[in-house]
Amino acid sequence: MRITVLDNDTAQAELICQVLTGAGHQCQAFDSGKEMLGQLRKDSTDLLIMDWQISDVPGAELLRRAKEKMAPNTPTIFLAGSASEDDIVSGVTAGADDYLVKPLRRGELVARVQALLRRAYPSQNGAEQLQFGPYTFETRPGRLTMGGESIDVTHKEFNLALLFFRNLGRPLSRAYIHESIWVRETAVPSRTMDTHVSRVRNKLRLRPENGFRLVPVYSYGYRLEKLGA
């Protein structure tokens, strides 16, 4: 899905886009409300994530003007700088569908976005089939095959494998993996993650002879490599 992100903090906007791109969406970031409105006049979006305290246009006015340019069912999430009840009430009253309080947690961001997209576009929520070389991921009901042969994986192993393939060639930090896979679990022992990575490597046979290699990145995390790419 196409997602528009507006945040005064360019680094924050880029981080949000990185997380959502890793979850399979297309994302465009802006740090100016006027620039974002100009783009919405030219192109559509499936979901808007906007900072409530943007510098050039007041939040309520910006949301009103954005809604004039978007399809009626386009969901909106606003980013609040604190858990202040006044900020949250203002955003919801102005017409936002949901809110997130900074600093953002990546797993929560993805979960909230997916929930809003499912609600707004029910006809597009059938099983998604993703192909990476010999591997086929069917997101519902979480079926994974290699060359047509079914691979027996748990729910977390399926999501972990898909996370690596969606970020092929990109180093993923342990923190990013943790927040993406163990969304609601705050304390996950390091060996738990390592065990799951090892199981994914073995079950999917991510070895050079099969064209892929899942390797640790020293003092950082893991990376799935496609050999010969």
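Rules and cut-offs
Residues numbered from 1 in each chain as written. Predicted model: local features only at pLDDT ≥ 70, side-chain atom pairs only at ≥ 80, totals over all residues. Heavy atoms only, no water. Helix = DSSP H or I, 4+ residues; strand = E, 2+ residues; numbered from the N terminus. Rg over C-alpha atoms; globule rule 2.2 N^0.38 Å. Buried < 20%, exposed > 50% of the residue type's maximum accessible area, 1.4 Å probe, protein only. Contact = heavy atoms within 4.5 Å. Areas by Shrake-Rupley, 256 points an atom, 1.4 Å probe, with all protein chains shown as cover. Salt bridge = Lys/Arg side-chain N within 4 Å of Asp/Glu carboxyl O. Disulfide = S-S within 2.5 Å. UniProt positions renumbered as here; feature names shortened; annotations may be inferred. Polar contact = N/O pair within 3.5 Å; in protein donor to acceptor, adjacent residues only side chain to side chain.

**Section: the overall build of the chain**
Within the chain, the secondary structure is distributed over 8 helices and 12 strands. Relative to the compact-globule value of 17 Å for 229 residues, the chain shows a C-alpha radius of gyration of 19 Å, a close match. Burial statistics for the chain: of 229 residues in total, 42% are counted as buried. Within the chain, residue pairs in contact and separated by at least 24 positions form 56% of the contacts whose partners lie at least 6 positions apart. Accessible surface, the chain: about 11,700 Å² in total, of which carbon and sulfur atoms supply 47%.

**With respect to the pattern of salt bridges**
Scanning the entire structure with this criterion turns up 15 salt bridges. For arginine 143, the salt bridge goes to glutamate 138, with nearest N and O atoms at 2.9 Å. By relative accessible area, arginine 143 is classed as partly exposed at 39%. Taking the shortest distance from any N to any O, the salt bridge between glutamate 225 and arginine 223 comes out at 3.0 Å. Looking at glutamate 225, the relative accessible area reads 16%, which means it is buried. Among the charged side chains, a network of salt bridges with common partners joins Asp98, Arg105, Glu108 and Arg112.

**Observations regarding the state of the cysteines**
By the definition in use, this model includes 1 disulfide. Shown here is the disulfide that connects cysteine 17 with cysteine 27, its sulfur atoms set 2.3 Å apart. Between cysteine 17 and cysteine 27 the sulfur-sulfur dihedral comes to about -65 degrees; the bridge is accordingly left-handed. On the criterion of sequence distance, the pair formed by cysteine 17 in helix α1 (residues 10-22) and cysteine 27 in strand β2 (residues 26-30) is long-range, its members being 10 residues apart. Given a relative accessible area of 24%, cysteine 27 falls into the partly exposed group.

**Observations concerning the UniProt feature "modified residue: 4-aspartylphosphate" (unreviewed entry) in the chain**
Feature annotation in UniProt assigns "modified residue: 4-aspartylphosphate" (unreviewed entry) to the following positions: Asp51. By the element assignment, aspartate 51 lies in strand β3 (residues 47-51). On the accessibility criterion, aspartate 51 (6% relative accessible area) is buried. Leave out the neighbours within four places in its chain, and aspartate 51 touches Leu6, Asp7, Asn8, Leu79 and Lys102. In terms of polar contacts, aspartate 51 uses its side chain to reach the backbone amide nitrogen of glutamine 53, at 3.0 Å.

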